[in-house]
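One-letter residues, chain by chain:
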Amino acid sequence: MLVVMVRIPVGSQEEGDRIFNRFKNRAGLVDNESGFLGFELLKGDGEYVSVTRWATRQDLDRWTKSQANAQAHANIPPATPTSAGHPHGEGAGHQAASQPAQGRPPGGSVTVYEVVIP
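An account of the accompanying structure is given in this report. (Residues numbered from 1 in each chain as written. Predicted model: local features only at pLDDT ≥ 70, side-chain atom pairs only at ≥ 80, totals over all residues. Heavy atoms only, no water.)

### Focus: the overall build of the protein chain
The condition that has to hold: A run of H or I in DSSP becomes a helix once it reaches four residues, and a run of E becomes a strand once it reaches two; helices and strands are each numbered from the N terminus. When a residue's accessible area, from a 1.4 Å probe over protein chains only, is under 20% of the maximum for its type it is buried; when over 50% it is exposed; and in between it is partly exposed. Contacts are residue-level and defined by heavy atoms, with any inter-residue pair within 4.5 Å sufficient. Method for areas: the Shrake-Rupley scheme with a 1.4 Å probe, in which residue coverage is limited to the protein chains shown.
Counting its regular elements, the protein chain contains three helices and four strands. Counting only residues that meet the buried cut, the protein chain has 34% of its 118 residues in that class. Sequence separation of 24 or more characterises 59% of the internal contacts of the protein chain that already satisfy a separation of 6 or more. As displayed, the protein chain offers around 7,300 Å² of accessible surface, 52% of which is attributable to carbon and sulfur atoms.

Next comes the structure, spelled out in structure tokens:
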């Protein structure tokens, strides 16, 4: 099993509310994809973390290359001065590096973990 964690920094309560509502009202296109095991949205201090779980790397790769994935991320707003917008972009599903600024990365990141002890 794989776990994909997408860090989404937020710069204000208003921005956090927009992100929360976007995920709350998501189309759910991934929900019936082969190998998709679940989704959670975590709220932290100044950030949200989107967590998806996948049966195999092949299932995740198939989703990231699919038309449904492109459609699910088609209306993601661009970065604003207070955040990096949505880190899903080209290469989504693969680890993305960010540059630290005052101890916090200015942008989001996508990290894939293999579950070794379920």
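### Details of the side chain of aspartate 59
Within the fold, aspartate 59 resides in helix α2 (residues 57-64). Aspartate 59 gets classed as buried once you look at its relative accessible area, which sits at 10%. Aspartate 59 has contacts with Ser34, Gly35 and Trp54, leaving out every residue within four places of it along the chain.

### Details of the packing of aromatic side chains
Rules: Only Phe, Tyr and Trp rings are paired, with Trp represented by its six-membered ring, and only when their centres lie within 6.5 Å; those with planes under 30 degrees apart are stacked, over 60 edge-to-face, the remainder tilted. Placement of a positive charge over a ring is assigned whenever Lys NZ or Arg CZ falls within 6 Å of the ring centre and within 35 degrees of the normal to the ring plane.
Taken as a whole and judged by the stated rule, the model has three aromatic pairs. Here phenylalanine 36 and tryptophan 54 contribute two aromatic rings whose centre-to-centre distance is 5.2 Å and whose plane-to-plane angle is 70°, an arrangement assigned as edge-to-face. Here phenylalanine 36, found in strand β2 (residues 36-44), pairs with tryptophan 54, found in strand β3 (residues 47-54); they are 18 residues apart in sequence, far enough to count as distant. Note on tryptophan 54: relative accessible area 1%, which makes it buried. Here the aromatic residues Phe36, Trp54 and Trp63 are joined through ring pairs into a cluster of three or more. Over the ring of phenylalanine 39 we find arginine 26; its NZ or CZ atom is 4.3 Å from the centre of that ring.

### As for the sheet that holds β3
For clarity, the cut-off: Two strands pair if DSSP finds at least two bridges between them. Comment: axis = line fitted to C-alpha atoms, over the contacting stretch for helices; angle = value between 0 and 180 degrees taken between N-to-C directions.
Taken together, the four strands give an open sheet; going across it, the order is β2-β3-β1-β4, and neighbouring strands pair in antiparallel fashion. Sheet topology places β2 and β4 (109-114) at the edges, where each strand pairs with a single neighbour. Taking the axes of each pair of neighbouring strands and ignoring which way they run, one obtains an average angle of 15° across the sheet. As paired strands, strand β1 (residues 2-9) and β3 are joined by eight bridges and run antiparallel to one another. Looking across to β3, one finds that valine 4 is bridged to threonine 52.

### Some remarks on the pattern of salt bridges
Note the threshold: Salt bridge, as used here, is a side-chain nitrogen of Lys or Arg placed within 4 Å of a carboxyl oxygen of Asp or Glu.
With the rule as written, the count across this model stands at six salt bridges. Notably, a salt bridge pairs glutamate 40 with arginine 53, separated by 2.7 Å at the nearest N-O pair. In this pair, glutamate 40 sits in strand β2 while arginine 53 sits in strand β3, placing the two residues 13 residues apart along the sequence. A relative accessible area of 30% places glutamate 40 in the partly exposed class.

By themselves these figures say nothing about function.
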